[in-house]
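Coordinate inspection notes
Here are the chains, one letter per residue:
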Amino acid sequence: MQKLAKELGVVIPVSFFEEANNAHYNSIAIIDADGMDLGLYRNHIFQMDQVTQEKFYFNPGDTGFKVFTTKFAKIGVAICWDQWFPEAARAMALQGAEILLYPTAIGSEPQDKGLDSREHWKRVMQGHAGANLVPLVASNRVGKETIKTEHGESVITFYGNSFIAGPSGEIMALANDKDEDMLIAEFDLEKIKTQRYSWGVFRDRRPDLYKVLLTLDGSKPSL
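Quick caveat, the model's predicted, so the values are computed rather than measured.

1. Re the packing of aromatic side chains
- Under the definition given, this model contains 4 aromatic pairs.
- Between Phe-17 and Phe-58 the ring centres are 5.4 Å apart and the planes differ by 50 degrees, which places this aromatic pair in the tilted class. Taken as a pair, Phe-17 in strand β1 (residues 12–20) and Phe-58 in the loop between β3 (37–42) and β4 (67–69) lie far apart in primary sequence, 41 residues in all.
- Between Trp-121 and Phe-163, the ring centres sit 5.7 Å apart and the planes meet at 85 degrees, which makes this aromatic pair edge-to-face. In this pair, Trp-121 is assigned in helix α3 (residues 118–132) and Phe-163 in strand β10 (residues 163–165), connecting sequence segments 42 residues apart. Summarising the burial analysis for this pair, Trp-121 and Phe-163 share the class buried.
- A cation sits over an aromatic face here: Arg-42 above Tyr-25, 4.0 Å from the ring centre.
- Taking NZ or CZ as reference, Arg-90 lies 5.0 Å from the ring centre of Phe-202, over its face.

2. Points about the layout of surface pockets
- Considering only enclosed or pocket space, the largest pocket measures out at about 1,300 Å³ in volume.
- Val-11, Pro-13, Leu-101, Val-137 and Leu-183 are, among the 38 residues lining the largest pocket, the residues nearest its centre.
- Within the residue set of the lining of the largest pocket, elements represented by two or more residues are β1, β6 (99–103), β7 (136–139) and β10.
- Within the lining of the largest pocket, the residues separate by chemical class into 24 nonpolar, 9 polar and 5 charged.

3. Concerning the packing of helix α2 (residues 86–94) against α3
- At a minimum axis distance of 10 Å, the contact between α2 and α3 shows a crossing angle of 35 degrees. Handedness of the α2/α3 crossing: right-handed. In this structure, α2 uses Pro-86, Ala-89, Arg-90 and Ala-93 to contact α3, whose residues at the interface are His-128, Ala-131 and Asn-132.
- Across the contact of α2 with α3, the residue classes tally to 4 nonpolar, 2 polar and 1 charged.

4. Considering the side chain of Asn-161
- Its place among the elements puts Asn-161 in the loop between β9 (152–159) and β10.
- Other than its neighbours up to four places away in sequence, Asn-161 contacts Arg-118, Trp-121, Lys-122, Leu-174, Ala-175, Asn-176 and Asp-177.

5. Description of the pattern of salt bridges
- A complete count under the given rule lists 9 salt bridges for this structure.
- A salt bridge links Glu-119 to Arg-118; the shortest N-O distance between them is 3.0 Å.
- Among the residues examined, Glu-119 registers a relative accessible area of 32% and is labelled partly exposed.
- Note on Arg-118: relative accessible area 24%, which makes it partly exposed.
- Two residues, Arg-206 and Asp-208, come together in a salt bridge whose shortest N-O distance is 2.7 Å.
- Classification of Asp-208 as partly exposed rests on a relative accessible area of 40%.

6. Some words on the nonpolar core
- In terms of nonpolar packing, the biggest core is built from 25 residues, with Val-77, Leu-100, Tyr-102, Met-125, Leu-136 and Phe-163 touching the most fellow members.
- Sorting the residues of this core by element identifies β2 (23–31), β5 (74–77), α2, β6, α3, β7 and β10 as the ones contributing at least two each.
- Beyond its immediate sequence surroundings of up to four residues, Tyr-102 is in contact with Ala-78, Asp-82, Gln-83, Ala-89, Met-92, Met-125, His-128, Leu-136, Val-137, Ala-138 and Ser-139.

7. Quick notes on the sheet that holds β3
- Across the sheet, 3 strands lie side by side as β1-β2-β3; this open sheet has antiparallel pairing. With partners counted over all chains shown, the strands left at the sheet margins are β1 and β3, one partner each. Looking at each pair of strands side by side, their axes are set apart by 30 degrees on average, direction ignored.

The rules we used
- Here the residue numbering is sequential within each chain, running from 1 through the sequence in written order.
- Where totals are concerned, whole chains, interfaces and linings use all residues; where local detail is concerned, this predicted model gives features only for residues with pLDDT of at least 70, and gives and counts side-chain atom pairs only at 80 or more.
- Based on all heavy atoms of the structure, the side-chain values leave hydrogens and waters out of the count.
- We call Phe, Tyr and Trp rings a pair once their centres come within 6.5 Å, taking the six-membered ring for Trp, and we label the pair stacked below 30 degrees between planes, edge-to-face above 60, and tilted otherwise.
- Counting from the N terminus, the helices are the DSSP runs of H or I reaching at least four residues and the strands are the DSSP runs of E reaching at least two.
- Relative accessibility thresholds used throughout: buried, under 20% of the residue-type maximum; exposed, over 50%; partly exposed, between the two (1.4 Å probe, protein chains only).
- We count a charge as sitting over a ring when the NZ of a lysine or the CZ of an arginine lies within 6 Å of the ring centre and within 35 degrees of the ring normal.
- Of the two site types, the cavity is a set of points on a 1 Å grid over the protein atoms alone where a 1.4 Å probe fits but cannot get out, and the pocket is an open set with protein on both sides within 12 Å along at least five of seven lines, each lined by residues with an atom within 4 Å of a point.
- Grid points are joined across faces, edges and corners, and a volume is the space filled by probe spheres set on the points.
- Charged residues are taken to be Asp, Glu, Lys and Arg, nonpolar residues to be Ala, Val, Leu, Ile, Met, Phe, Trp, Tyr, Cys and Pro, and polar residues to be all remaining types, Gly included.
- Interaxial angles span 0 to 180 degrees and are taken between N-to-C directions of axes, which are lines fitted to C-alpha atoms, for helices over the stretch in contact.
- Crossing handedness is defined as follows: a turn of the near helix away from the far one that is anticlockwise and smaller than a right angle gives a left-handed crossing, while the clockwise case is right-handed.
- Note on contacts: a residue pair qualifies if any of its non-hydrogen atoms lie within 4.5 Å across the two residues.
- Definition used for salt bridges: Asp or Glu carboxyl oxygen within 4 Å of a side-chain nitrogen of Lys or Arg.
- Throughout, nonpolar core names a set of buried Ala, Val, Leu, Ile, Met, Phe, Trp, Tyr and Cys residues whose side chains join them through atoms within 4.5 Å.
- Two strands are said to pair when DSSP picks up at least two bridges between them.

Function cannot be read off these values alone, since they describe shape.
Written out as structure tokens, the structure reads:
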């Protein structure tokens, strides 16, 4: 992947199953456009549903939220389940992320055939973009995956719908739910930076009032 990134002159985020001694993580390495490995991020937590049970396979990540300075921009990268947490997006934006990136694999719910979370999934990340005034890129799988279990076949149909959102949460480019695709959008990061400053949402933050975010129940500090 490093050779490919250098050959094409692009930044490549590489998702992989990481084995670190006796620990296992859902991780992503960032390869810069010159082929340099900028480091990795480990998915901060897993829960999902009663079917996938990802916590059985992975340890909670220990890298904290990270921002990578690439040739083109500072990018904050998070993975799949991270996409539901506004705290993760804000943490990366506070560290200077100019673009947020969320690679994921989400689809139908085998345990609840009536549940379709596709639009919810999109809206939550559009909110991250709008709340932090940064463009956001969400990539998702397409197709169907069938796993044979002792209880029968478990089938997931992935939503696809990869998209690029602008700094006000607007969708700039959107893929469908069936085909592999390549999406392109162009942003003036300096203009967006000026816009972000003018809104004042980072200037006017009150971290002294947000200590409740350090608790699990809204009142008692977590240990």
